[in-house]
Amino acid sequence: PVRTITRTAKGISETDLHRRLNLGTQDELGELADTFDAMLDRLQAAFERQRQFTADASHELRTPLTIVNLEADHALARRRSVEEYERTLKVIQSENEFMTRLVNDLLTLARMDAGQTQLKMEPLDLSDVALDVVERLSSLAYRAGVAMTSGELPEVPVTGDRQALVQMLTNLIENAIKYAGGRGKHVQVETGETRIDGKHMGWVRIEDDGPGIPTEHLPHLFDRFYRVDKARSRQADHAGEEDDQKAPDGSGLGLSIVQWVADAHNGKVVVQSEEGNGTVFLVYLPWREAPPGDFSD
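Per-chain numbering applies: the sequence of each chain, read as written, is numbered from 1 onward. Given that the model is predicted, a residue must reach a pLDDT of at least 70 before its local features are reported, and side-chain atom pairs must reach 80 or more before they are shown or counted; all residues, however, enter totals for whole chains, interfaces and linings. Hydrogens are left out, water is left out, and the side-chain values use all remaining heavy atoms of the structure.

Only DSSP runs of H or I reaching four residues or more are called helices, and only runs of E reaching two or more are called strands; each is numbered from the N terminus. To estimate the expected span of a helix, subtract one from its residue number and multiply by 1.5 Å. Taking 1.5 Å of rise per residue, the 32 residues of helix α3 (residues 82-113) would be expected to cover 46 Å, and the 46 Å separating its terminal C-alpha atoms lies within 8% of that figure. Among all positions of α3, only Thr88, Val91, Ser94, Glu95, Phe98, Met99, Leu102, Asp105, Leu106, Thr108, Leu109 and Met112 are buried. Directly after α3, the chain includes Gly115, whose backbone phi takes a positive value near 70 degrees. Burial classes follow relative accessibility: with a 1.4 Å probe on protein chains only, a residue under 20% of its type's maximum area counts as buried, one over 50% as exposed, and anything between as partly exposed.

In structure tokens, the structure reads:
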């Protein structure tokens, strides 16, 4: 058995992680072999996630780079009018902004996966954070033709990293604006409190009256690079719409970041949606039970 373990260990490489010992004995060597096999399971899963992540990132970057190259070739093929050059530059600018968001999201997730994201946990009012994000994104909603309102915003004391929570809410509200702007007219953000399984929780609710999400997509919403509208053509978008009237194109990573932030705060994200009836995202975070006078934002 020891020689079997040794030979297997020597024969394993990054490209051959499927091998297992499978000794099947009930002694100490069998227990060691089972532990070794479990470690190989984790390593194989990690390498597969890394390969898939790299492949997905390469695919996502290939599309905007191709569009930029095609637009530049088209503009340089012959002399064109000022209006045509302006249109080309707007497309290139839009694709550059998309790639910038994608790379930033990739770096964010890479740091999160590597455990390099250090959260600065401090007492906060979740309603105050939500209101800040709503005010900052109000111009984006206006350009998309969406009325964004704040519902009830009572004080919701939580302990969290303000920057991470701002990013989480920004991703959710930008997403709501994007889909409401496509078929709806309204986004509402509100906060409150509830009890879940006996635990006191604060919540923030983002609701849009957009087209809703088909049921088959709901289990995959938080998967990396997953898009409900993946069949849409970015080139067709550029041909049919003015860039400054569109909400930002998604990288397919925003909801993955949302879930990571919620998990890091011992919270959870819930999505409620039905095709044709809009979408609601609810984020629950533990309520900060503080003595009177001890709360600060």
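Quick look at the packing of helix α2 (residues 28-76) against α3 now. What counts as an axis is a line fitted to C-alpha atoms, over the stretch in contact for a helix, and the angles between N-to-C directions run from 0 to 180 degrees. At a minimum axis separation of 9 Å, α2 and α3 run at an interaxial angle of 165 degrees. Regarding the angle of α2 to α3, the classification is roughly antiparallel. Here the hand of the crossing between α2 and α3 comes out left-handed. Contacts from Phe53, Ala57, Glu60, Leu61, Pro64, Leu65, Ile67, Val68, Glu71 and Ala75 in α2 reach Tyr85, Arg87, Thr88, Val91, Ile92, Glu95, Phe98, Met99, Leu102, Val103, Leu106 and Leu109 in α3. The labels follow the angle: roughly parallel below 35 degrees, roughly antiparallel above 145, roughly perpendicular from 65 to 115, and oblique for the rest. Take the far helix as your reference; a near helix turned counterclockwise from it by less than a right angle gives a left-handed crossing, and one turned clockwise gives a right-handed crossing. Here, two residues are considered to be in contact whenever any of their heavy atoms come within 4.5 Å of each other.

Positive phi is not limited to glycine here, since Asn22 has a value of about 50 degrees. According to the relative accessible area criterion, Asn22 is exposed, its value standing at 60%. Look at Asn266: it is not a glycine, yet its phi comes out positive at around 60 degrees. Here Asn266 shows up in the loop between α7 (254-264) and β6 (268-273).

Here we take up the environment of Ala72. Considering the arrangement of structural elements, one finds Ala72 in helix α2. Residues Ala72 and Ile92, spaced 20 residues apart in sequence, show a C-alpha to C-alpha distance of 8.2 Å.

Next up on the list: the sheet that holds strand β5 (residues 199-208). Being paired, for any two strands, means DSSP has found at least two bridges between them. One open sheet accounts for five strands, arranged β2-β4-β5-β7-β6; its pairing is mixed. What marks the edges here is a single partner per strand, and that holds for β2 (147-150) and β6. Going across the sheet, the axis of each strand differs from the next one's by a mean of 20 degrees, ignoring polarity. The sheet contacts of helix α4 (residues 126-143) involve β2, β4 (186-196), β5 and β7 (279-286), and relative to β2 the element is tilted by about 165 degrees.

With that out of the way, let us pick up the packing of α3 against α7. Remark: α3 packs on α7, axes separated minimally by 10 Å, with the N-to-C direction vectors making an angle of 35 degrees. Of the two elements, α3 crosses α7, and the hand of that crossing is left-handed. Contact residues: α3 offers Asp105, Thr108, Leu109 and Met112, while α7 offers Ser256, Ile257, Trp260 and Val261.

Relative to the elements of secondary structure, His265 occurs in the loop between α7 and β6. The class for His265 is buried, based on a relative accessible area of 4%. Look past the residues within four positions of His265 in its chain and what remains in contact with it is Leu119, Met121, Thr159, Gly160, Asp161, Ala164, Leu165, Leu285 and Pro286.

Looking at the element boundaries, Thr170 is found in helix α5 (residues 162-183). Every residue in contact with Thr170, bar those within four places of it in the chain, is listed here: Val133, Arg136 and Leu137.

Here we come to the pattern of salt bridges. Definition used for salt bridges: Asp or Glu carboxyl oxygen within 4 Å of a side-chain nitrogen of Lys or Arg. Under the definition given, this model contains seven salt bridges. For the salt bridge of Arg87 with Glu71, the shortest nitrogen-to-oxygen distance reads 2.7 Å. Of this pair, Arg87 sits in helix α3 while Glu71 sits in helix α2, and the two are 16 residues apart along the sequence. Of the charged contacts in the structure, one is a salt bridge between Arg205 and Glu190, with a shortest N-O distance of 3.5 Å. With Arg205 in strand β5 and Glu190 in strand β4, the pair connects residues that are 15 residues apart, well separated along the chain. Overlapping salt bridges bring together Asp128, Asp132 and Arg162 as one network.

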